Amino acid sequence: MGLNGTTTTEPSSAPRDVVRRQYLASAAGDLDALRATLAPDVEWTEMAGFPLAGMYRTPEGVTSNVMERLGADWADWTAHDDTYVVDGENVVVLARYTATHRGTGKELNARVAHHFVVRGGLIVRFEQFVDTALVRDASR
């Protein structure tokens, strides 16, 4: 409840809540909602060895170069977030990727860790840690 007993409609800016909204938007394929969790100057890093390795900037840059490309190459790409470790603006999430590669039909099931930095209610930095060999093997 907000002031005077009114219900607040503003989403929480707590770092954990912002990161959780990003996962929910991603799982739903809602790229507008996902972009709304990202700072205009976001730095999004996909791990060396990952098919989309590199750093992407801007919310549009992240969704067009990462999420849309993953969706094109993989069926049902999902990051299942299960454990959150929060220290101030730092949020580390232990998760699992599941998907089926569209070209090979091989399934992926890999544990991952994601490190987010959240400031002012927006994700300003993301870094991915994953066993890239599992991803590579499923795509060959």
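It should be noted that the structure appears before, not after, this text.
The structure contained in this document is the topic of the report that follows.

1. Digging into the overall build of the protein chain
Move 1: For the protein chain, the count of helices and strands is 4 helices and 6 strands.
Move 2: Walking the protein chain from its N terminus toward its C terminus, one meets helices and strands in the order α-α-β-β-α-β-β-β-β-α.
Move 3: Taken over C-alpha atoms, the radius of gyration comes to 16 Å for the protein chain, in line with the 14 Å a tight globule of 140 residues would show.
Move 4: Along the longest, intermediate and shortest principal axes, the C-alpha atoms of the protein chain span 60 × 25 × 25 Å.
Move 5: When each of the 140 residues of the protein chain is scored for burial, the buried share is 37%.
Move 6: Long-range pairs, those at least 24 residues apart, make up 48% of the contacts in the protein chain between residues at least 6 apart in sequence.
Move 7: As displayed, the protein chain offers around 7,500 Å² of accessible surface, 50% of which is attributable to carbon and sulfur atoms.
Move 8: For the protein chain, the centre of its 14 positive side-chain charges and the centre of its 19 negative side-chain charges are spaced 4 Å apart.

2. Description of the pattern of salt bridges
Move 1: Across all of its chains, the model carries 8 salt bridges by this definition.
Move 2: Glu89 is the partner of Arg119 in a salt bridge, and the nearest nitrogen-oxygen pair spans 2.9 Å. Of this pair, Arg119 sits in strand E5 (residues 107-119) while Glu89 sits in the loop between strand E3 (74-87) and strand E4 (90-101), placing them 30 residues apart in sequence.
Move 3: Salt bridges sharing partners connect three or more residues here, namely Asp32, Arg35 and Glu60.

3. Looking at the packing of aromatic side chains
Centre distance and the angle of the planes are the two values used to describe a pair of aromatic rings.
Move 1: For the structure on display, the rule yields 9 aromatic pairs.
Move 2: On the basis of an interplanar angle of 45° and a centroid distance of 6.4 Å, the ring pair of Phe50 and Tyr97 is categorised as tilted. With Phe50 in the loop between strand E1 (38-46) and strand E2 (54-57) and Tyr97 in strand E4, this residue pair connects regions lying 47 residues apart in the sequence.
Move 3: Overall, the relative accessible area of 4% leaves Tyr97 in the buried class.
Move 4: Judged by centre distance (5.4 Å) and plane angle (65°), the ring pair of Trp74 and Trp77 falls under edge-to-face.
Move 5: Look at Trp74 and you get buried, because its relative accessible area is 3%.
Move 6: Trp77 gets classed as buried once you look at its relative accessible area, which sits at 16%.
Move 7: Members of the aromatic cluster, joined through ring pairs, are Tyr23, Trp44, Tyr84, Phe116 and Phe126.
Move 8: Over the aromatic face of Tyr84 sits the side chain of Arg16, whose NZ or CZ is 4.1 Å from the ring centroid.

4. Focus on helix H1 (residues 15-28)
Move 1: With 14 residues, H1 extends 20 Å from end C-alpha to end C-alpha; this agrees with the ideal 20 Å at 1.5 Å per step.
Move 2: Looking only at H1, the buried set comprises Val18, Val19, Gln22, Tyr23 and Ala25. Projected onto a plane normal to the axis of H1, the buried residues spread over an arc of 165° and lie on a single side. What points out from H1, more than 90 degrees from its buried face, is the exposed set Ala27 and Ala28.
Move 3: Gly29 occupies a position one or two residues after H1 and carries a positive phi of about 70°.

Parameters and conventions
- Residues numbered from 1 in each chain as written.
- Predicted model: local features only at pLDDT ≥ 70, side-chain atom pairs only at ≥ 80, totals over all residues.
- Heavy atoms only, no water.
- Helix = DSSP H or I, 4+ residues; strand = E, 2+ residues; numbered from the N terminus.
- Rg over C-alpha atoms; globule rule 2.2 N^0.38 Å.
- Buried < 20%, exposed > 50% of the residue type's maximum accessible area, 1.4 Å probe, protein only.
- Contact = heavy atoms within 4.5 Å.
- Areas by Shrake-Rupley, 256 points an atom, 1.4 Å probe, with all protein chains shown as cover.
- Lys, Arg positive; Asp, Glu negative; His and termini not counted.
- Charge placed at Lys NZ, Arg CZ, Asp CG, Glu CD.
- Salt bridge = Lys/Arg side-chain N within 4 Å of Asp/Glu carboxyl O.
- Phe/Tyr/Trp six-rings, centres within 6.5 Å; stacked < 30°, edge-to-face > 60°.
- Lys NZ or Arg CZ within 6 Å of the ring centre and 35° of its normal.
- Expected span 1.5 Å × (residues − 1).
- Arc of directions from axis to C-beta.

By themselves, these figures tell us nothing about what the structure is for.
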